[in-house]
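# Structural overview
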Amino acid sequence: MSEITESYPSCDVDNEESTYSYQTYKTEPPVGEEILTKFENRSALAQDLNLLSGLPELCDIIFLVGEDKQPVCAVRAILAARSRVFRKQLYSHVPRRCSLKDAAPRSIKSKSKPPNTIVVPEFEPSVFKQLIEYLHTGVCTLQPRTLFGLVNAADHYDVEELKQACINFVGQSISTDTVCHMLSNADRYIQYKSTKVLIQKVMEFIDRNGDEVLSLPSFSILPKHVVQLIISRESLAVSEVNKFVAVYNWSKSQYEKERCLPLNCDEKVKLSDIVEGFLDYIQFHKIPIHYLMNEVRQSGAVPDTIIMMAVAYQMDPASIDVSKFSRSYSH
């Protein structure tokens, strides 16, 4: 049997262009020569199935997602067919049918009924909706903001092709506009193994573009441990001056958020308490003396002992054993 396949653009469906295809077959003897045509319109199917989440009356399962327990509707049979994890979760209590006779209507009246509502606290509603959309339609729009959540949701529910698509998308989506927002969102999913894979790719981007990333306004939205992870990397191509500036600006931003007050001279001691958590990651002995005295010391955020030790080291490296004071000085 020979096959010829052709694709044609169809008319608009909800103002979106879909595509259908004809697969034409030519039978061979002894059946006799005959033309058969297989018609497909998968894009229209995807568009129609995507309507399910907005029509609760057509769904038979509701997920309450996130801290606010936002409802997300779905069709249990579709989820079970697409994910073995959903299949086990939604149908593990239902006895297997050995024959059509066993599946007769009277057997449906079982005491064991599938749950109609399931709570999903671990994922954000926007992430879970993307997962459900993909499982229903085979289509999903990947975006940097929800990437960490989606890759872990795909991994958690064993949707391998979606997980791999997310991992491949990281390299295309990382930019100075998205990198800090991606890392901020990653913190919510830090306990999942797929997060580590994506974070490594993001960190490699930061290593190459450190000066630009550390100067971004969005750098201030990162959690403290993420900032520490970034500036402690030996592969980070950033000067110690720029590290200090990034840490000082981040600490100032955090202080202002916590206190809801503008910074003034009387409050610099409290600011220094925040900066203190980063001092071990900055090699002050590599910062020029004039900057140490005119900028670092004037900020009031770094103890004089550290500044004086750094100055002394630059004047006579043999006179100071910097490894005794900070692990960063041993490099």
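Residues numbered from 1 in each chain as written. Predicted model: local features only at pLDDT ≥ 70, side-chain atom pairs only at ≥ 80, totals over all residues. Heavy atoms only, no water.

Moving on to the packing of aromatic side chains. This model, assessed by the stated rule, comprises 12 aromatic pairs. Where Phe123 meets Tyr157, the ring centres are 6.3 Å apart and the plane angle is 45°; that geometry is what we call tilted. Taken together, the residues span a long stretch of sequence, with Phe123 in the loop between β6 (117-120) and α5 (125-137) and Tyr157 in the loop between α6 (147-156) and α7 (160-173) at a distance of 34 residues. Neither residue differs from the other here; Phe123 and Tyr157 are each classed as buried. Members of the aromatic cluster, joined through ring pairs, are Phe63, Phe86, Phe123, Phe128, Tyr157, Tyr189 and Tyr192. Here the basic side chain of Lys224 rests over the ring of Phe278, its NZ or CZ set 6.0 Å away from the ring centre. (Phe/Tyr/Trp six-rings, centres within 6.5 Å; stacked < 30°, edge-to-face > 60°. Helix = DSSP H or I, 4+ residues; strand = E, 2+ residues; numbered from the N terminus. Buried < 20%, exposed > 50% of the residue type's maximum accessible area, 1.4 Å probe, protein only. Lys NZ or Arg CZ within 6 Å of the ring centre and 35° of its normal.)

Turning to the pairing of strand β4 (residues 61-65), a few remarks are in order. Along β4, the buried face is formed by Ile61, Phe63 and Val65; none of Ile62 and Leu64, which line the opposite face, is buried. Across five bridges, the pairing between β4 and strand β5 (residues 70-74) is antiparallel. Paired with Ile61 across the bridge in β5 is Ala74. With antiparallel pairing between neighbouring strands as the criterion, β4 and β5 make up a hairpin whose turn holds four residues, including Gly66 at a positive phi of roughly 80°. (Pairing = 2+ DSSP bridges.)

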